[in-house]
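Structural characterization, general
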Amino acid sequence: MQPGLWKIIKKEISVWRVGVLPGIVVIGLVIIAHFSGSMQSLEWLAFDSLLRLRPEEPIDERIVLVGINEDDIRSQKDYLTDSSISDRDLAALLWKLHVCKPRVIGLDIYRDLAVNPGHPELVAAFKNIKNLIAIEKVLPKQIAAPPGLLPEQIAFADQITDGDGKLRRSLLAISTSQGYKLSLSLRLAEAYLTHEDITLKNGIADRTTIKLGNTVLPRFFANEGYVQTDAATVQILLNFRSGRERFRTISLNDIKSDKFNSDWVRDRIVIIGITSPSRKDFVTTSKQLTKGRVYGAEIQAHAVSQLVSAVLDDRPLLDTWEDGWEYLWIFAWGFLGIAIARLTKSPLANLIVVGITSASLVVTSYLLLTWGWWVPVIPTILVLAVNGIELTALYQCDKVLRSGLKARQDVIERTFETIHNGPLQSLAKVLKLVRSQELPIKELLPELEKELDKLNHELRGIYEFLQREPPTQDSSLYLGNTLVLNLQDPLHEILYQVYSYTLARDFPCFRTIKIKIRSFGPIDERCLSIEQKQGLCRFLEEALCNVGKHATGVTRLEVACFSSEGWYTLSIIDDGLGINSSREGRGTQQFRNLARQLKGKFQRVPLSSRGTICELSWPVGKFWFGNK
């Protein structure tokens, strides 16, 4: 792996670490809240709302409801206050429906006691109509089944509501002291599908799992979409049919007066039930799903319809993920929120991205629900929104802090470069005069005084420049008391000014130069930042200063900036003796750093005979993010 790439990776890791730890803490707290049931009511609301958004389904023609409504009850001459319909009228209804040849008739009316007149007639109907299934009650108080029925003609109609009083699950089977009992919906579905050569059987891996042919009914277990729910019975999530009209409904009076088409009943599932408000045979459901209150017979119709439709139409049955997958789902969206907070650059962009992502989450959850999977929605939206929005402030604070540290470091670097190429060069000349001991003391002192006075003016000039333009405003390049260059100007013009100014400085080796060759061609600056342009100018200044100080006997100097084979090169070549030292100075370190920033290369090597070549090269016309 390249050192530059590894450096970028380490930098990104250090930045991500700022938000990852608090983000994971948020995810953990939300998962704990989800597991403890604190969000249960909101999850139910989201579940109901997404089901409500499903497209309208056509009427299930396989099921017909015979509803005994308030008008039917009041129209009976033998109307009793404690009953809905007499045994005689009920027997007549059963025989009239039986003549129409339905596949199966479900009687969703408790009939453990006689309601005279006509009880013998009803018992006879129970004995002779073999495709009739009647109900009993097993939870919590028991109500016996009607007399005269075979065991396979008896089913329970009990339902279990959720903690908010709404019905979202359908009981299929339960083990009682009298044996294993099946629900009315399962009995009706089994009877209907038998004509399609589809039988009811148990699962192989789990004997309590129920299969209709090759269709496995996904059993509901505790904590699947719920928290600490009683799932001792065999039950599934109830997938209500959507739409305004779900099933064809015929009243008792319509049957008695022959105001119906017998084809509506032939080869169908017929469910008889009470649809009179006075009888209170209804179950509360969410208004997001149905009308809010649904009569028991219609609930049975929904339950039967979902079983038959799953087998014959591949209509999805509702199921949930295991806990591990749900927690992974929540964690994934929470981590996406951390990423959004890290990558968005402004609060407005953050809100837009979080909003779009939240909408995508809802759409994804909706699509999964239409395919039969109920996934956590509220916890995922919560971790996405909290991590996506709140962590942005944390990342922005970290960014400001890092920017401040970088700006401080840049100020230090630029200030040092200004001092290094100015006063420190003069100081080096003073030290060289003192150490060389070539001049007598009387001549040395005036020379030292002159150099120290120059050093004083240079230091004061830097102070005045920094007062006029703080180092944080890096659009200017300070070269001396009278020369401040505008870095917004074309680079080749700035390089020429640096070249001219530096060669005019009083360095001993400049005095012996006989030939000066310079060439600064135009440069495509679109890939260069102000900071990089400043670095190139300092490189040229430093290289020329080194020639002036150390290239003893130099007579020829070539300075050029040119492009060749996809590279720009800034080259300084002299024929002086130069210095032979393996120690890498501060200036060399800066030039290597500059070469890395430009994705280029730097070299300073002696020539074969005498002289030194100092070059800095970088690619032509390549743009790097972060340079601007």
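Residues numbered from 1 in each chain as written. Predicted model: local features only at pLDDT ≥ 70, side-chain atom pairs only at ≥ 80, totals over all residues. Heavy atoms only, no water.

Right, let's talk about the packing of helix α2 (residues 40-52) against helix α10 (residues 347-370) for a bit. It is the contact of α2 with α10, at a shortest axis distance of 10 Å, that shows an interaxial angle of 70°. Relative to α10, the element α2 lies roughly perpendicular. On α10, the residues that touch Phe-47, Leu-50 and Leu-51 of α2 are Val-362, Ser-365, Tyr-366 and Leu-369. Here the residues of the contact of α2 with α10 sort into six nonpolar, one polar and no charged. (Axes fitted to C-alpha atoms, helices over the stretch in contact; angles between N-to-C directions. Helix = DSSP H or I, 4+ residues; strand = E, 2+ residues; numbered from the N terminus. Parallel < 35°, antiparallel > 145°, perpendicular 65-115°, else oblique. Contact = heavy atoms within 4.5 Å. Nonpolar A, V, L, I, M, F, W, Y, C, P; charged D, E, K, R; others polar.)

The omega torsion of the bond from Asn-116 to Pro-117 falls at 5°, within 30 degrees of zero and hence cis. Here the amide bond leading from Leu-139 into Pro-140 is cis, since omega sits at -20°, within 30 degrees of zero. When you line up the elements, Pro-140 lands in the loop between β3 (132-136) and β4 (154-156). For Asp-258, which is not a glycine, the phi torsion comes out positive at approximately 60°. Of note, Asp-258 is situated in the loop between α7 (252-256) and β12 (269-274). Positive phi values are uncommon outside glycine, yet Asp-314 reaches one of about 60°.

With that out of the way, let us pick up the nonpolar core. Of all hydrophobic cores here, the largest spans 43 residues; its most connected members are Leu-495, Leu-540, Ile-572 and Trp-618. Elements represented by at least two residues in this core include exactly β17 (476-480), β18 (483-486), α14 (491-503), α15 (530-550), β20 (556-564), β21 (567-574), α16 (586-597) and β23 (612-619). A per-element tally of this core places α15 first, with eight residues. Beyond its immediate sequence surroundings of up to four residues, Ile-572 is in contact with Phe-539, Leu-540, Ala-543, Leu-544, Val-547, Leu-557, Glu-558, Val-559, Thr-612, Ile-613 and Cys-614. (Core = buried A, V, L, I, M, F, W, Y, C linked by side-chain atoms within 4.5 Å. Buried < 20%, exposed > 50% of the residue type's maximum accessible area, 1.4 Å probe, protein only.)

In this section: the pairing of strand β22 (residues 601-606). Two faces belong to every sheet, and in a regular strand the side chains alternate between them. Two strands pair when backbone bridges link them, and β22 and β23 are joined in this way by six bridges, in the antiparallel orientation. When the sheet's bridge partners are listed, Phe-602 is paired in β23 with Leu-616. In this structure, the hairpin formed by β22 and β23 is closed by a connection of five residues, where Gly-611 is found at a positive phi of approximately 110°. (Pairing = 2+ DSSP bridges.)

All buried positions along helix α5 (residues 119-128) are accounted for by Leu-122, Val-123, Ala-125 and Phe-126. Along the long axis of α5, the arc covered by the buried residues comes to 155°, so they all point the same way. (Arc of directions from axis to C-beta.)

This paragraph deals with the pattern of salt bridges. Pairing is possible between side chains that carry opposite charge, provided their charged atoms lie close to one another. Scanning all chains against the criterion turns up 24 salt bridges. A salt bridge links Glu-61 to Arg-248; its shortest N-O distance comes to 3.1 Å. In this pair, Glu-61 is assigned in the loop between α2 and β1 (63-68) and Arg-248 in strand β11 (residues 248-251), connecting sequence segments 187 residues apart. Residue classification places Glu-61 among the partly exposed positions, given a relative accessible area of 39%. (Salt bridge = Lys/Arg side-chain N within 4 Å of Asp/Glu carboxyl O.)

Residues Ile-24, Trp-325, Leu-328, Phe-331 and Phe-335 make up a contiguous nonpolar surface patch of roughly 470 Å² in combined accessible area. When residues of the nonpolar patch are assigned to their parent elements, the largest contribution, four residues, is made by helix α9 (residues 323-343). With respect to the helices and strands, Trp-325 occurs in helix α9. When its relative accessible area of 53% is taken as the criterion, Trp-325 is described as exposed. (Patch = residues over 30% accessible without salt bridge, like charges linked within 9 Å, V, L, I, M, F, W, Y side chains within 5 Å. Areas by Shrake-Rupley, 256 points an atom, 1.4 Å probe, with all protein chains shown as cover.)

Turning to the side chain of Arg-169, a few remarks are in order. Along the polypeptide, Arg-169 turns up in strand β5 (residues 169-176). Reaching out from Arg-169, the side chain makes a polar contact with the side chain of Asp-162 at a distance of 2.9 Å. A polar atom in the side chain of Arg-169 sits 2.8 Å from the side chain of Gln-235. (Polar contact = N/O pair within 3.5 Å; in protein donor to acceptor, adjacent residues only side chain to side chain.)

Moving on: the sheet that holds β3. An order of β4-β3-β2-β12-β1-β11 is seen for the six strands of this open sheet, with the pairing classed as parallel. Looking at which strands have only one partner, the edges of the open sheet turn out to be β4 and β11. Shown here is a sheet whose adjacent strand axes are inclined to one another by a mean of 25°, direction ignored. Packing against the sheet, helix α8 (residues 296-312) makes contact with β1 and β12, and its axis sits at approximately 155° to β12.

It is worth spelling out the confidence of the model for the protein chain at this point. Averaged over the protein chain, the pLDDT score is 83; the fraction of residues at 70 or greater is 79%. Low pLDDT, under 50, characterises residues 78-83; the stretch is placed with twelve contacts to residues that sit more than four places away or in other chains. (pLDDT = per-residue confidence, 0-100.)

Once that is clear, we can look at α15. With 21 residues, α15 extends 30 Å between its outermost C-alpha atoms, agreeing within 8% with the 30 Å of an ideal straight helix rising 1.5 Å per residue. With 18 of 21 residues buried, α15 is to be regarded as a mostly interior element. (Expected span 1.5 Å × (residues − 1).)

When you line up the elements, Lys-201 lands in strand β7 (residues 200-202). Owing to a relative accessible area of 37%, Lys-201 belongs among the partly exposed residues under this scheme. C-alpha of Lys-201 to C-alpha of Val-216: the two residues are 15 residues apart in sequence and 9.5 Å apart in space. Setting aside residues no more than four positions away along its own chain, Lys-201 makes contact with Thr-209, Ile-210, Lys-211 and Gly-213.

Burial along strand β2 (residues 104-107) is two-sided: the residues Val-104 and Gly-106 and Ile-105 and Leu-107 are all buried. Note: β2 against β12, four bridges, orientation parallel. By the bridge assignment, Val-104 is partnered in β12 with Ile-269. Where β2 lies against β3, three bridges are found, and the strand directions are parallel. Across the sheet, the residue bridging to Leu-107 is Ala-134, located in β3. The β-α-β motif built from β2, the intervening α5 and the parallel element β3 has right-handed crossover chirality. (Right-handed = clockwise from strand over helix to strand, strands pointing away.)

Counting across every chain of the model gives eleven aromatic pairs. With centroids separated by 5.7 Å and ring planes inclined at 85°, the aromatic side chains of Phe-507 and Phe-510 adopt a geometry described as edge-to-face. Overall, Phe-507 belongs to the buried group, its relative accessible area being 5%. Three or more aromatic residues joined by ring pairs form one cluster here, namely Trp-321, Trp-329 and Trp-333. Here the guanidinium or amino end of Arg-103 rests over the ring plane of Tyr-192, the centre of that ring lying 4.2 Å away. In this structure, Arg-248 packs its charged tip against the face of Trp-264, placed 4.5 Å from the ring centre. (Phe/Tyr/Trp six-rings, centres within 6.5 Å; stacked < 30°, edge-to-face > 60°. Lys NZ or Arg CZ within 6 Å of the ring centre and 35° of its normal.)

What the three strands build is an open sheet, ordered β6-β5-β10; its pairing is antiparallel. Both edges of this open sheet fall to β6 (179-182) and β10 (234-237), since each of them pairs with a single strand only. This sheet shows a mean twist of 10° between the axes of neighbouring strands, independent of strand direction. With four bridges connecting them, β5 and β10 associate as antiparallel partners. Bridging across to β10, Leu-171 finds its partner in Gln-235. Sheet strands in contact with helix α6 (residues 184-194) are β5 and β6, and its direction is about 95° off that of β5.

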